[in-house]
Amino acid sequence: MDILNAVVVLANFVLIPALSYGSQLALGALGVTLIYGILRFSNFAHGDTMAFGAMVTILFTWAFQNMGISIAPLPTALLALPFGIVVTAALLLATDRVVYRFYRQQKAKPIILVMVSLGVMFILNGIVRVIIGPGEQRFEDGARFIINARQFKEMTGLEEGLAFKASQGLTIVVTIIAVAALFWFLDRTKMGKSMRAYSDNEDLALLSGINPERVVRITWILAAILATTAGVLYGLDKSFKPFTYFQLLLPMFAAAIVGGLGNPLGAIVGGYIIAFSEVTLTYAWKKVATYFLPASLAPDSLMQLLSTDYKYAVSFTILVIVLIFKPYGLFRGKAV
Amino acid sequence: MSGADPQMAGKPEPFLIGEAMTGGYGRGADILHDCTIAVDKGQIAVIVGPNGAGKSTAMKAVFGMVDLRLGAVRLDGQDITALTPQARVAMGMGFVPQTHNIFTSMTVEENLEMGAFLRQDDIRGTMEQVYELFPILKDKRRQAAGELSGGQRQQVAVGRALMTRPSLLMLDEPTAGVSPIVMDELFDRIIEVARTGISILMVEQNARQALEIADKGYVLVQGSNAHTGSGKALLADPQVRKSFLGGTE
Amino acid sequence: MRNAALFALVAALYIATGMMQSWNTALAIFNMGLISAVMALGVNIQWGYAGLFNVGIMGFVALGGLATVLVSMPPVTEAWAAGGARMLAALAFGAGTIAAGIATFRRMQPGRRRALAVAAIFAVGFVLYRWAFDPARDAIEAIDPASTGYLGGLGLPILIAWPVGGLLAAAAAWGIGKTALGLRSDYLAIATLGIAEIIIAVLKNEDWLGRGVKNVVGLPRPVPYEIDLQDTPEFVARATELGLDPATASSLWVKLCYTGLFAAVLLALILLTQLALKSPWGRMMRAIRDNEVAAEAMGKNVTRRHLQIFILGSAICGMAGAMMTTLDGQLTPGTYQPLRYTFLIWVMVIVGGSGNNWGSVLGGFLIWWLWIQVEPIGGFVMNLITMPLPEDSGLRLHLLDSVQHIRLLTMGVVLLLVLRFSPRGLIPEK
Ligand SMILES: Nc1ncnc2c1ncn2[C@@H]1O[C@H](COP(=O)(O)OP(=O)(O)OP(=O)(O)O)[C@@H](O)[C@H]1O
Ligand SMILES: [Mg+2]
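The shown structure was predicted, so the numbers you read here are calculated from the model rather than taken from an experiment.

## So, the overall build of chain B
When its secondary structure is counted, chain B shows ten helices and ten strands. Computed over C-alpha atoms, the radius of gyration of chain B comes to 18 Å, within 12% of the 18 Å expected from 2.2 N^0.38 for 249 residues, which places it in the range of a compact globule. Projected onto the principal axes, the alpha-carbon positions of chain B cover approximately 50 × 45 × 35 Å. Each of the 249 residues in chain B was classed as buried or not, and the buried ones make up 52%. Across chain B, the fraction of contacts at a sequence separation of at least 24, relative to all contacts at a separation of at least 6, is 66%. In the structure as shown, chain B presents an accessible area of about 11000 Å², 51% of it carried by carbon and sulfur atoms.

Here it is in structure tokens:
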């Protein structure tokens, strides 16, 4: 019984949150890695792209809510998501057109593009704050829980409850769908294969008649889909605040690099590695331990390895370890 | 050497000609100086010369990957000097670069598919033909091309270029890094391809063997035509033998 | 000639501010302009000489700020008595653990056993470290938390903190450079972004070190206090002679003193960086930047040179950070914003002219002035734009509210425009 209780606590505070946070990171890191694979630079504006996409979706959500449109028990945001994606894709394509394309044609060094993306980040950041403000916004509606702690206790008779938030379930399901669709696209369709070809060997792709501009456009659209989805899911699960999306940059980059920059599968694995490390290291294990250990050995400290304020230190440490020992990442990405 | 090839005078225009090409990379110095390369329908033309002579550059110039300051490239009588490489692919030119000529992370089959990217029709027939030409590739079709041996990679590279069903195939040192046996194999395959009516323009390090199968040979030195003639004539030319073929025989 | 004109133009901006607003404001902006110029100089060394992209300027600046506290605040003796020794022991033990881990890693053969051994050292070390550290921290933070709750500093003159800030930043830069240099250029950007976030997290959360978000106020000054001046008869007399009231005069004088100090540092740094740039070392650096492959082929150890320059540039930023905190008179970790302390500096460097020391100095002064002045101007413009809207319209209030965010946006646009249309900046590299 104690073991079961411990497992429930673990699932409740570690497994489920890490799984949903990991999914959000994985989606974000996928965007980073795709852009890196095709356009060959680390896009610092990706976090703020997520914020932008989420913001547009929120505005649509509010509009739908005002009109009384609802898809309960699912959150209205899910209905607004496609609209958010379309607007974000338009924004990214426009940015590419007026900003990035010039440097691509100049064959500028990647670091210049990184710096340019920083400028874009600035601007997106400003736009988001001007439109929706720097504060926290709530936009979730529909069912709150798939199962809440009380129901779970009644169902199982266990002492510990397990709460499975709707936003967490939604995150996991949407991520599975998005990732499956992405891999189907990359592995099975001609367009997707041409993207991989371009990422693998740009010059040879040109010699095969692949149109680079088209590949780039598709990449931005995919990035918009992934970023908006990730941003909305994160916002539903936690809350929407522009600055937190900037802070997500580090874990997302870490995830992409851990997996191997440019490698989509790696980005997903990396996302979960980062999320699980972050959550397990910042979780107070006291409760789990009390179930496992005899009362005499019960810990009196919280058994928390790191305060949650340092969760970014976890991604950073993992990043540093990977850079030192395996700079290509776990799944050999593109050149170091 | 003057640009206009004296032997061409009066003859009908060759299938492909890069005429009096002068140019280089970006804003750097010219690499090619008044260099002319041509190949007739269904024939094999071979470019030889010392390292750094500009052989690869000449190939790239013909394919539109080097900006020409002077000169022109014509395919089947049509001026294509201003076309992008992709447009040249669409016009029936295929190019196998000297290095990085396969998609290493993709399977052999996907490499071939990418070769046929511009085609809208059914490509399975062509793929079968490539597999007939290079049977080993059929066995390895699901393997990542980067995991193949050097010789097999070259086969993938040539196969990829054949997938567009080109009327002109350009090969930059297709036998680089392969064993003599495989090299003979590859040469045989190349002759086979030429027999189907595809013109072949090829750069070769193994000058003697290449000139033996060549209808036409070009010796490039420092970006200029040093010697031009039929493969046999060049092999017989004492000066060419002395300076480029190690002239012992 | 053109350069002199540009500098004159920027000087005119400051003078105009003095005449139209007040000399106090103008001097305040100018002092921060001096500090900004120092930061820009440090970043320019990294970017302009070596093409290194540092996105963690904020972190190095904050380390400089921490240095002022550690050097200049009086030690809190009760706190030292309560947990100082244990804290030092814990920190030493933590450092020892890391050293032991690295040494083990270096000594043992690669393989599973090594991985296990290193992991064990770190795991056990971490637990022991926390066992030593936690009580010490709690004891220190329990000492009069409302006013101290930290160990305090060494009680030394605050000017010493400036080079110390540089040293702290240099140490952090060494660690980052060791891991991220020699890899793809993007990695340094990402790693510096990370370290900056972490440094700020440490400053905010380690109350025993620098009081965290409770801030350290009342840092000692290297210049006189206004009150003291106003109480000095000679000063008051001199002020009235000049036709100034003592309050204004004292505040002006204090600012001028800071100006003198900062200007001395800036001039010294310009001199040094210019000399360095013209030296064989500087020529080599630029050769490496322009063609890494060729430099490497010529036997230059590119990564080592990059590490050197990364440390130097970061140290300058650290020093500037210490100067800034000295000027503020307080350490407020909550105010370190990446947009303000990292990206604004980048705008200065790019606009001024990357690779040119004078350019970054000019950029520092110009952009800082704009940064301060754009907000009132923006507010004014926004007021005009929203004039037709009713007084209490939600949109109007919202727009007026977002003026400060528009400032960000403007800086982003400026950065992009300069990168695109004038990538060499106002004063291009020769
Ligand atoms: N991408 C490039 N940019 C600038 N210069 C180049 C480039 N590629 C080649 N060169 C220069 O052009 C000249 C000719 O090179 P090219 O590759 O055409 O020689 P090659 O005859 O093919 O030699 P090899 O037999 O070694 O393949 C060389 O001096 C080389 O340094
Ligand atoms: Mg070559």
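## A word on the packing of aromatic side chains
All chains considered together, the criterion is met by 29 aromatic pairs over all chains. Each ring, one from A:Phe13 and one from A:Tyr283, has its centre 5.9 Å from the other, and the planes form 20°; the classification is stacked. Taken together, the positions of A:Phe13 in helix H1 (residues 2–39) and A:Tyr283 in the loop between helix H12 (264–282) and helix H13 (286–292) put the pair 270 residues apart, joining distant regions of the chain. Look at C:Phe53 and C:Trp346: their rings are 4.8 Å apart centre to centre, the planes differ by 75°, and that puts the pair in the edge-to-face class.

## Topic: the coordination of the magnesium ion (ligand 2)
Residues and elements named next belong to chain B. Looking at the magnesium ion (ligand 2), one finds its protein donor set to be Ser-56 (OG) and Gln-98 (OE1), positioned 1.9 to 2.1 Å from the metal centre. Residue Ser-56 is found in helix H1 (residues 55–62), and its partner Gln-98 is found in the loop between strand S6 (93–96) and helix H3 (108–115); the two are separated by 42 residues along the sequence. With a relative accessible area of 31%, Gln-98 lands in the partly exposed category.

## Looking at the packing of helix H15 (residues 338–352) of chain C against helix H16 (residues 357–385) of chain C
All names here are of chain C. Orientation of H15 relative to H16, taken along the N-to-C sense of each, is 125°, at an axis distance of 7 Å. Taken together, the axes of H15 and H16 lie oblique to each other. Crossing of H15 against H16: the hand is right-handed. For the pair H15 and H16, contact is made by Arg-340, Leu-344, Val-347, Met-348, Val-351 and Gly-352 and by Gly-359, Ser-360, Gly-363, Gly-364, Leu-366, Ile-367, Trp-368 and Trp-371, respectively. A breakdown of the residues in the contact of H15 with H16 according to their chemical character gives eight nonpolar, five polar and one charged.

## Overview of the arrangement of the chains
Out of two pairs of chains that touch, the pair holding the most contacts is chains A and C. With no contact between them, chain B and chain C keep their nearest C-alpha atoms 15 Å apart.

## A few points about the site of ligand 1
Residues and elements named next belong to chain B. Close to ligand 1 lie 13 residues, the nearest being Asn-51, Gly-52, Lys-55, Ser-56 and Thr-57. With respect to ligand 1, the backbone of Gly-52 contributes an N or O atom lying 2.8 Å from an oxygen atom. Contact between ligand 1 and Glu-173: an oxygen atom at 3.4 Å from a side-chain N or O atom of the residue. Here ligand 1, which alone exposes 630 Å², has 59% of that area covered by the protein.

## Observations regarding the sheet that holds strand S9 (residues 216–221) of chain B
Residue and element names in this part refer to chain B. A sheet is described by the order of its strands in space; here six strands give the open sequence S6-S7-S8-S3-S9-S10, paired in mixed fashion. One side of each edge strand has no neighbouring strand; the edge strands of this open sheet are S6 and strand S10 (224–229). Sheet twist, expressed as the average angle between the axes of neighbouring strands with direction ignored, equals 15°. Here helix H7 (residues 180–195) sits on the sheet in contact with strand S3 (44–48), strand S7 (168–172) and strand S8 (199–203), set at roughly 150° to S8.

## A closer look at the interface of chain A and chain B
Counting residues at the interface gives 17 residues for chain A and 23 residues for chain B. Carbon and sulfur atoms supply 59% of the area that chain A and chain B bury against each other, a total of about 1700 Å² over both sides. Three residues, A:Lys190, A:Leu204 and A:Leu207, lead the burial of chain A against chain B; their summed loss comes to 35% of the area buried on that side. In this structure, the connection of chain A to chain B is made through two salt bridges. Along the contact surface separating chain A from chain B lie nine residue pairs in polar contact (both at pLDDT 80 or more). At the level of secondary structure, the elements contributing two or more residues to the side of chain A that touches chain B comprise helix H7 (190–200) and helix H8 (202–207) of chain A. Of the residues in the side of chain A that touches chain B, the class split is seven nonpolar, five polar and five charged.

## Thoughts on the packing of helix H11 (residues 249–259) of chain A against helix H7 (residues 185–205) of chain C
Relative to each other, H11(A) and H7(C) sit at 140°, their axes nearing to 10 Å. For the element pair H11(A) / H7(C), the angle class is oblique. Crossing of H11(A) over H7(C) shows left-handed handedness. For the pair H11(A) and H7(C), contact is made by A:Leu249, A:Leu250, A:Phe253 and A:Ile257 and by C:Tyr187, C:Ile190, C:Leu193 and C:Gly194, respectively. A breakdown of the residues in the contact of H11(A) with H7(C) according to their chemical character gives seven nonpolar, one polar and no charged.

## Section: a nonpolar patch on the surface
Where nonpolar side chains cluster on the molecular surface, the patch consists of C:Ile377, C:Phe380, C:Val381, C:Leu384, C:Ile385 and C:Met387 and spans about 610 Å² of accessible area. According to the relative accessible area criterion, C:Phe380 is exposed, its value standing at 54%.

## A look at the sheet that holds strand S2 (residues 32–39) of chain B
All names here are of chain B. One open sheet accounts for four strands, arranged S2-S1-S4-S5; its pairing is antiparallel. Every interior strand has two partners, whereas the edge strands, S2 and strand S5 (78–79), have only one. On the sheet, H1 packs against strand S1 (16–24), S2 and strand S4 (67–75) and is oriented at approximately 115° with respect to S1.

## Focus on H7(C)
Here H7(C) spans 31 Å end to end across 21 residues, near enough to the 30 Å set by a 1.5 Å rise per residue. Most of H7(C) sits inside the fold, with 17 of its 21 residues counted as buried.

Conventions and cut-offs
Residues numbered from 1 in each chain as written. Chains lettered and ligands numbered in written order. Predicted model: local features only at pLDDT ≥ 70, side-chain atom pairs only at ≥ 80, totals over all residues. Heavy atoms only, no water. Helix = DSSP H or I, 4+ residues; strand = E, 2+ residues; numbered from the N terminus. Rg over C-alpha atoms; globule rule 2.2 N^0.38 Å. Buried < 20%, exposed > 50% of the residue type's maximum accessible area, 1.4 Å probe, protein only. Contact = heavy atoms within 4.5 Å. Areas by Shrake-Rupley, 256 points an atom, 1.4 Å probe, with all protein chains shown as cover. Phe/Tyr/Trp six-rings, centres within 6.5 Å; stacked < 30°, edge-to-face > 60°. Donors = N, O, S within 2.8 Å, 3.2 Å for Na, K, Ca; no water. Axes fitted to C-alpha atoms, helices over the stretch in contact; angles between N-to-C directions. Parallel < 35°, antiparallel > 145°, perpendicular 65-115°, else oblique. Left-handed = near helix turned anticlockwise from the far one by under 90°. Nonpolar A, V, L, I, M, F, W, Y, C, P; charged D, E, K, R; others polar. Near = heavy atom within 4 Å. Polar contact = N/O pair within 3.5 Å; in protein donor to acceptor, adjacent residues only side chain to side chain. Pairing = 2+ DSSP bridges. Buried area = accessible area lost by both parts, 1.4 Å probe. Salt bridge = Lys/Arg side-chain N within 4 Å of Asp/Glu carboxyl O. Patch = residues over 30% accessible without salt bridge, like charges linked within 9 Å, V, L, I, M, F, W, Y side chains within 5 Å. Expected span 1.5 Å × (residues − 1).

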